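Given next are the chains, with one letter for each unit.
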Amino acid sequence: MHGVTPSASQVIFGLSPLLISVAVFLFTYAIIITEKINRSIVALLGASLMIFTGVLQQSEALAGIDFNTLGLLTGMMMLVAITQKSGVFQYVAIVAAKKVKAEPWGLLVMLSVVTAVFSALLDNVTTVLLIAPVALLITDALRITPYPYLFSIIFASNIGGTATLIGDPPNIMIGSAVKLTFNDFLFNLAPIAAVVFALTMIPIYFIWGRKLHAAPEDREQVMAFDEREAITDVPLLKKSLAVLFVVIVGFVFAHSIHQEPGTIAMFGGALLLLLNAFGKNPEEQAHETHKVFSEVEWITIFFFVGLFVVVAGIEKAGVMDLMAHQLIELTGGDFATTAFTILWVSALASALVDNIPFVATMIPVIQNLAPVFGAENLAPLWWSLALGACLGGNGSLVGASANLVVAGFAERAGQPIRFLPFMLMAFPLMLASIAVASLYLYLRYL
Amino acid sequence: MTIKSLPIIRSVVTVTPQASVAEALHIMLANRVNHVPVCDGERYLGLVSVNDILQRLLPAGVQMPHGVPDLKFAGDASRLLGSHFRHLSEQAVAEIIHPAQPLDNSCPLLEAALLLSKSSTPMPVLDSSGKLLGMLSQRGLLEYLSKEAGK
């Protein structure tokens, strides 16, 4: 993790920092997986343990927290909180549903496509925050189970997010660390993302799609939805779209204007709050602003905070380095083997732990391979890392924060997505997508 | 002066947690009230209100934070409402109960007035053993004060 200043750990009872940090890490993840206690509480307690046991000092724990990611998430959640009041996302989802005459399988494909496209342009969490509630509403009106839709939305968000520099935090980190541009990502990752998306729809069709059926009267009910009525506030719509445009352009040029996406997203959030505050008295402004802040998913944010500290702990103890170096030793310096190993290990790791800290560790490791392979030849390794880390997020419910957000919606809708049943379907699908990505890497780069 | 000593607690019909939502709604409609206390024997468990029922008729996609903010575009969707209503009617009251804070009958009048002013519903009044004595409503309290003022 960038920013962690190495200093010898003074672990309690003189125990090995490696042992203690791994114990705390495994204990924290085990409890998160049981889902008995809210994950943000567990992550924060795990983080505290890393400090109390002496693995980390408080300053190191704080340095381990990626505030750029937190800023990006919080800023985008603020933007979404305001923008969604204009109704523009319902508009798009309803148009998509009506285009396929509210036929359940067509609807699933359309909502997945909309999710994938939004995910490529907005952050994944933002996208699922917008699409999942509309999907729940439409499936409710069709009187069909929302589960396949929420499952596909998770997959579409992670696959769509793979396609661009700004689609997923790993891509943001890789892009800013190694000076790959928006267009580099688009040309190299968007084609394979499109292929993986199309292929993923096939098993989803055979598992759920072909059995989905809605009564004609219920489909009529959805066809009677009036998308124009969904746009509730035209001035707000214009302000929101203008700010979203500025933010996306900001992301595209973040590198050339030397700004982090977190700053751009927070600026966008503040700018839209400002535009929204014009013409209102201080009391109304306070009320509106408070409402927007309260819609930020603090459980997700604090989960990230705790997780970053826990990972900073095992990282400082040398666990991540140990794993990464052994990985390089394993490949024996062969380029194709190294690329495939990075792809598959990233995918497996990202399915189980947050891909952000993993990618942060892998970036310097891959940079250190420049003397072996030549700095100008490393690009396929970056694509391996991005594909593994982004697509790997589909492997389990804790693989990506968007997955957890969708699970939160599902739970409130009385259709909980459980850890193991989800993984039973998602993990093999994720492995298949990585196999396809391997073929792509082989044919195009190796 | 505690609320126990005043003629302001109204005895009410109750429902059991096993009763269906349809039964609870029927009781509220027949008695022209918006709330009915749920009791297991004499033990108070919570309230069920017409609004608890109404909220659960709405699609899940609007009931949550970040949910769909309005439903004007969805038209009447009377099939959706009808299907939710039928489903909800058969559920047990225990599924939709809300744990409204009860008043202790030794509560002083002024404190009762403060708690009622902050409550969106009438408040159930319990004795020290947790047995439901009746409900104290905003109207009931004001009616009493109005009579006292007229004396």
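A brief report on the enclosed structure follows. A quick note: this is a predicted structure, and the numbers were derived from the prediction, not measured.

Attention now goes to the overall build of chain B. Within chain B one finds 5 helices and 5 strands. Going from N to C terminus, chain B has its helices and strands arranged as α-β-β-α-α-β-α-β-β-α. Over its C-alpha atoms, taken along the principal directions, chain B stretches across nearly 55 × 35 × 30 Å. Looking at chain B residue by residue over its 151 residues, the buried ones come to 44%. Contacts in chain B between residues far apart in sequence, at least 24 positions, make up 57% of those at least 6 positions apart. Seen as two clouds, the 13 positive and the 13 negative side-chain charges of chain B have centres 6 Å apart.

Bringing the overall build of chain A into the picture now. Along the backbone of chain A there are 23 helices and 0 strands. For a compact globule of 446 residues, the expected C-alpha radius of gyration is about 22 Å, and chain A comes in at 22 Å, within 12% of that figure. Expressed along its principal axes, the backbone C-alpha trace of chain A runs to roughly 65 × 55 × 45 Å. For chain A, the residues scored as buried account for 58% of the 446 residues in total. In chain A, once contacts between residues fewer than 6 apart in sequence are set aside, the share between residues at least 24 apart is 81%. Carbon together with sulfur atoms contributes 69% to the accessible area of chain A, which is approximately 17,900 Å² in total. Taken as two groups, the 20 positive and 28 negative side-chain charges of chain A have centres that lie 8 Å from each other.

Moving on, we come to the interface of chain A and chain B. By a widespread convention, an interface's size corresponds to the accessible area lost as its parts come together. Each side of the interface is counted separately: chain A has 26 residues, and chain B has 21 residues. Counting the surface lost from both chain A and chain B, the interface buries some 2,100 Å², and carbon and sulfur atoms represent 63% of this. The largest contributions to the chain A side of the interface with chain B come from Leu137, Asp140 and Gln221 of chain A, which together make up 25% of the buried area. Remark: the boundary between chain A and chain B carries 2 salt bridges. A salt bridge links arginine 79 of chain B to aspartate 218 of chain A, with the shortest nitrogen-to-oxygen separation between them at 2.8 Å. Counting across the interface, chain A meets chain B through 6 residue pairs in polar contact (both at pLDDT 80 or more). Considering each element in turn, the side of chain A that touches chain B owes the most residues, 7 residues, to helix H7 (residues 124–142) of chain A. Residues that form the side of chain A that touches chain B fall into these classes: 12 nonpolar, 4 polar and 10 charged.

Looking now at the nonpolar core. Core analysis: the biggest nonpolar cluster contains 168 residues, and Phe151, Ile174, Phe225, Trp382, Leu385, Ile417 and Phe422 of chain A have the highest contact counts within it. Per element, the largest residue contribution to this core is 13 residues, and it comes from H7 of chain A. Within the second largest apolar cluster, 15 residues are counted, among which are Ala19, Ala24, Ile27 and Ile53 of chain B.

The subject of this paragraph is empty space enclosed by the protein. Residue and element names in this part refer to chain A. Here the structure, examined in full by the defined rule, presents 8 cavities of 30 Å³ or more. Looking at the largest cavity, its volume works out to about 110 Å³. Along its surface, the largest cavity is lined by 15 residues, and Asp168, Pro169, Ala400, Ser401 and Ala402 are the ones closest to its centre. Counting residues per element, the ones that place at least two in the lining of the largest cavity are H7, helix H19 (355–367) and helix H22 (401–412). For the lining of the largest cavity, the per-class residue count stands at 7 nonpolar, 5 polar and 3 charged.

Residue and element names in this part refer to chain A. Looking at the element boundaries, alanine 132 is found in helix H7. Counting along the chain gives 21 residues from alanine 132 to leucine 111, while the straight-line C-alpha distance between them is 9.2 Å. Other than its neighbours up to four places away in sequence, alanine 132 contacts Leu150, Ile153 and Phe409.

It is worth spelling out the packing of aromatic side chains at this point. Taken as a whole, this structure holds 12 aromatic pairs over all chains when the rule is applied. Taken together, the aromatic side chains of Tyr147, Phe151, Phe155, Trp208 and Phe422 of chain A make up a single cluster linked through ring pairs.

Quick look at the sheet that holds strand E5 (residues 132–136) of chain B now. Residues and elements named next belong to chain B. With mixed pairing, the 3 strands of this open sheet are ordered in space as E3-E4-E5. In this open sheet, the two edge strands, each paired with only one partner strand, are strand E3 (103–104) and E5. Of the pairings in the sheet, the one linking strand E4 (residues 123–126) to E5 comprises 4 bridges and is antiparallel in character. Each bridged residue has a counterpart across the sheet, and for valine 125 the counterpart in E5 is glycine 134.

Parameters and conventions
Residues numbered from 1 in each chain as written. Chains lettered and ligands numbered in written order. Predicted model: local features only at pLDDT ≥ 70, side-chain atom pairs only at ≥ 80, totals over all residues. Heavy atoms only, no water. Helix = DSSP H or I, 4+ residues; strand = E, 2+ residues; numbered from the N terminus. Buried < 20%, exposed > 50% of the residue type's maximum accessible area, 1.4 Å probe, protein only. Contact = heavy atoms within 4.5 Å. Lys, Arg positive; Asp, Glu negative; His and termini not counted. Charge placed at Lys NZ, Arg CZ, Asp CG, Glu CD. Rg over C-alpha atoms; globule rule 2.2 N^0.38 Å. Areas by Shrake-Rupley, 256 points an atom, 1.4 Å probe, with all protein chains shown as cover. Buried area = accessible area lost by both parts, 1.4 Å probe. Salt bridge = Lys/Arg side-chain N within 4 Å of Asp/Glu carboxyl O. Polar contact = N/O pair within 3.5 Å; in protein donor to acceptor, adjacent residues only side chain to side chain. Nonpolar A, V, L, I, M, F, W, Y, C, P; charged D, E, K, R; others polar. Core = buried A, V, L, I, M, F, W, Y, C linked by side-chain atoms within 4.5 Å. 1 Å grid on protein atoms, 1.4 Å probe; cavity = no way out; pocket = protein on both sides within 12 Å on 5 of 7 lines; lining within 4 Å. Points joined across faces, edges and corners; volume = space filled by probe spheres on them. Phe/Tyr/Trp six-rings, centres within 6.5 Å; stacked < 30°, edge-to-face > 60°. Pairing = 2+ DSSP bridges.

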